[in-house]
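This is what each chain is made of:
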Amino acid sequence: MSEVISFRPMTVADIDTVLQIEYASFSHPWTRSIFTDSLTSYNCWVMFEGEQQVGHGVIQNIMDEAHLLNLTIKVLSQGRGLGLKLLEYLMQQAQLEGAKDCFLEVRASNQVAYRLYERFGFNEVGRRRDYYPAVGGREDALVMVCPLFD
Ligand SMILES: CC(C)(COP(=O)(O)OP(=O)(O)OC[C@H]1O[C@@H](n2cnc3c(N)ncnc32)[C@H](O)[C@@H]1OP(=O)(O)O)[C@@H](O)C(=O)NCCC(=O)NCCS
């Protein structure tokens, strides 16, 4: 039987597990201070499968625009549809806060994330040259946007 999926706002007490998930998933992970600052400035969520913390996401809402700043699923839990569920939940929350569109940047090499965003309804609308630090240099960001409907 599959475990129940749930979401709740991130708190300082969640950050140790958030960092474990983050450091295992990213070549250039967010640090503790970025998450601590985000708790005061943005909407930060954690995702659970049963009792297990399996992911997190961060969104910035500015007027009627949302910006997805972080979306991460624990490595061992990837490839089972949890990323799409987390994205759907975050977009629902952004919409409840009044967002009409959501923007994001994704590394040009991150095909799994790019396909996930496309599957949800994001379209590529631009490219920021050398936006991200990368192993041995810099990497472009692809800018994507998705309209959020009722
Ligand atoms: C990007 C990320 C959040 C996606 O999470 P995820 O849980 O693996 O996403 P999903 O399972 O919904 O989709 C991933 C793949 O699994 C496939 N999948 C989903 N459910 C599946 C299932 N039940 N059985 C088999 N495959 C499945 C999807 O079709 C998708 O395949 P594709 O990439 O070939 O299109 C995750 O890989 C991650 O945390 N990566 C590191 C951090 C990162 O890059 N974040 C995004 C920064 S912009």
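As the structure is a prediction and not an experimental result, all values here were calculated from the model. (Residues numbered from 1 in each chain as written. Predicted model: local features only at pLDDT ≥ 70, side-chain atom pairs only at ≥ 80, totals over all residues.)

A.B. asks: Give me the overall build of the protein: which residues, what numbers.
C.D. replies: Across its full length, the protein carries 4 helices and 7 strands. Each helix and strand of the protein, placed in order from N terminus to C terminus, yields the pattern β-α-α-β-β-β-α-β-α-β-β. Taking 15 Å as the expected radius of gyration for a compact globule of 150 residues, we find that the protein reaches 15 Å, a close match to that expectation. The dimensions of the protein, computed from C-alpha atoms along their principal axes, are 40 × 40 × 35 Å. Residues counted as buried form 25% of the 150 residues belonging to the protein. For the protein, restricting intrachain contacts to residue pairs at least 6 apart in sequence, the fraction spanning at least 24 positions comes to 56%. (Helix = DSSP H or I, 4+ residues; strand = E, 2+ residues; numbered from the N terminus. Rg over C-alpha atoms; globule rule 2.2 N^0.38 Å. Buried ≥ 20, exposed ≤ 12 C-beta atoms within 10 Å, placed from the backbone. Contact = placed C-beta atoms within 7 Å.)

A.B. asks: Tell me about the nonpolar core, and name the residues and values.
C.D. replies: In this structure, L68, L90, A94, C102 and L104 are the most contacted members of the largest nonpolar core, which totals 29 residues. Put simply, the parts of the chain that give this core at least two residues each are helix 1 (15-25), strand 2 (43-49), strand 3 (52-62), strand 4 (65-73), helix 3 (82-96), strand 5 (101-107) and strand 7 (137-147). The leading source of residues in this core is helix 3, at 5 residues. Apart from residues lying up to four places away in sequence, C102 is in contact with A66, L68, M91, A94, V145, C146 and L148. (Core = buried A, V, L, I, M, F, W, Y, C linked by C-beta atoms within 7 Å.)

A.B. asks: Any details on the site of the ligand? Residues and values, ideally.
C.D. replies: As a structural note, the neighbourhood of the ligand is formed by 18 residues, with Q78, G81, G83, L84 and A113 the closest of them. Of all the secondary-structure elements, those providing two or more residues to the shell around the ligand are strand 4, helix 3 and helix 4 (111-120). With 4 residues, helix 4 is the largest single contributor of residues to the shell around the ligand. Residue classes in the shell around the ligand are distributed as 9 nonpolar, 7 polar and 2 charged. (Near = placed C-beta within 6 Å. Nonpolar A, V, L, I, M, F, W, Y, C, P; charged D, E, K, R; others polar.)

A.B. asks: Just give me the short version of unusual backbone geometry, but keep the residues and values in it.
C.D. replies: Backbone geometry places M63, a non-glycine residue, at a positive phi of 50 degrees. Tracing the backbone through its elements, the reader meets M63 in the loop between strand 3 and strand 4. C-beta crowding within 10 Å serves as the criterion here: with 8 such atoms nearby, M63 is assigned to the exposed category. Its identity is not glycine, yet D130 carries a phi of approximately 50 degrees, on the positive side. In this fold, D130 is placed in strand 6 (residues 123-134).

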